[in-house]
Amino acid sequence: MKVDRFIFCILISIFLISCKKEDKKQESIFVRTWYDTEMVIPYMASLEINKDHTFKFTGGACTASFHSYGNWIEKNDTLILNSILPKECFQINEFGKMCYSKEEIEKIRFTKTIADCEPKNDNSFENFKDEKFYLRNDSLVLKKDKKEKCTEKEIVFFKYKKQR
């Protein structure tokens, strides 16, 4: 009888040890594809926040298009995005900036992912540098830079594509 109990205990122990522990980490509330809310046609953009802490941003207007990709972290209730610069030649735009001085506009015209390269088309790279977003109801909202005082306009993404 003692041998049967011993074998039973060993089998239960082996069974418990071999059970795979489930990852109980809760998925971030930011993980999903977000869509721009700007109603100006033909502008469109989407921001894909992936489980593996990467993101992809794509969009366009008229014949021009833009994209970005990189990594994200979540700090408290804030989503923070940082781009990884591509190895191909693109003109770089600073994501989220709405007000530019004349000097900044001239500088932007010549800012590329590779110095002195010539982009092949109108596809530009949107550079996210510690861009912070928060949730407001069902929307993902870019936290405005305190220095950005020229416009009341917000950059907002929503869970669903806008209706045209």
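The text that follows walks through the structure, step by step, so that each part is easy to find. Owing to the predicted nature of the structure, the values given are computational and were not obtained by experimental measurement.

Conventions adopted
Residues numbered from 1 in each chain as written. Predicted model: local features only at pLDDT ≥ 70, side-chain atom pairs only at ≥ 80, totals over all residues. Heavy atoms only, no water. Salt bridge = Lys/Arg side-chain N within 4 Å of Asp/Glu carboxyl O. Helix = DSSP H or I, 4+ residues; strand = E, 2+ residues; numbered from the N terminus. Buried < 20%, exposed > 50% of the residue type's maximum accessible area, 1.4 Å probe, protein only. Phe/Tyr/Trp six-rings, centres within 6.5 Å; stacked < 30°, edge-to-face > 60°. Lys NZ or Arg CZ within 6 Å of the ring centre and 35° of its normal. Disulfide = S-S within 2.5 Å. Pairing = 2+ DSSP bridges.

## Side note on the pattern of salt bridges
- Under the counting rule described, the total for this entry stands at 3 salt bridges.
- In this structure, K51 engages E27 in a salt bridge whose closest nitrogen and oxygen atoms are separated by 3.5 Å. You can see K51 sitting in the loop between strand 2 (44–49) and strand 3 (54–61) and its partner E27 sitting in the loop between helix 1 (2–18) and strand 1 (32–36), a full 24 residues away along the chain.
- Accessibility expressed as a relative area gives 61% for K51, which makes it exposed.
- You can call E27 partly exposed: its relative accessible area is 43%.
- For the salt bridge of E154 with R136, the shortest nitrogen-to-oxygen distance reads 2.9 Å. Note that E154 is positioned in the loop between strand 9 (139–142) and strand 10 (156–158) and R136 in strand 8 (residues 131–136), a separation of 18 residues in sequence.

## As for the packing of aromatic side chains
- On inspection of all chains with the given rule, the structure shows 11 aromatic pairs.
- Aromatic pair Y43 and F66: ring centres 5.9 Å apart, planes at 25°, arrangement stacked. One end of the pair, Y43, is in the loop between strand 1 and strand 2; the other, F66, is in strand 4 (residues 64–75), with 23 residues separating them in the sequence.
- For F66, a relative accessible area of 12% gives the class buried.
- Among the aromatic residues, those joined into a cluster by ring pairs are Y43, F55, F57, F66, F95, F128, F133 and F157.
- One residue, R32, lies across the ring of W34, its end atom 5.5 Å from the ring centre.

## What about the state of the cysteines?
- One pass over the structure, following the stated rule, counts 1 disulfide.
- Linked covalently through their sulfurs, C89 and C117 form a disulfide whose S-S length is 1.9 Å. Across the disulfide from C89 to C117, rotation about the S-S bond amounts to roughly 80°, and the bridge is consequently right-handed. Taken as a pair, C89 in the loop between strand 5 (78–83) and strand 6 (92–94) and C117 in the loop between helix 2 (102–109) and strand 7 (123–127) lie far apart in primary sequence, 28 residues in all. As far as the burial class goes, C89 and C117 line up, both buried.

## A short note on the pairing of strand 4
- The sheet contact formed by strand 3 and strand 4 spans 8 bridges and is antiparallel. Residue pairing for strand 4: F57 is matched across the bridge by S68.
- A loop of 2 residues connects strand 3 with strand 4, the two strands running antiparallel in sequence, and C62 in this loop sits at a positive phi of about 55°.
- Pairing of strand 4 with strand 7, which is carried by 3 bridges, proceeds in the parallel orientation. Looking at strand 7, one finds that S65 is bridged to N123.
- In this antiparallel pair of consecutive strands, strand 4 and strand 5, the connection spans 2 residues, and N76 shows a positive phi of 60°.

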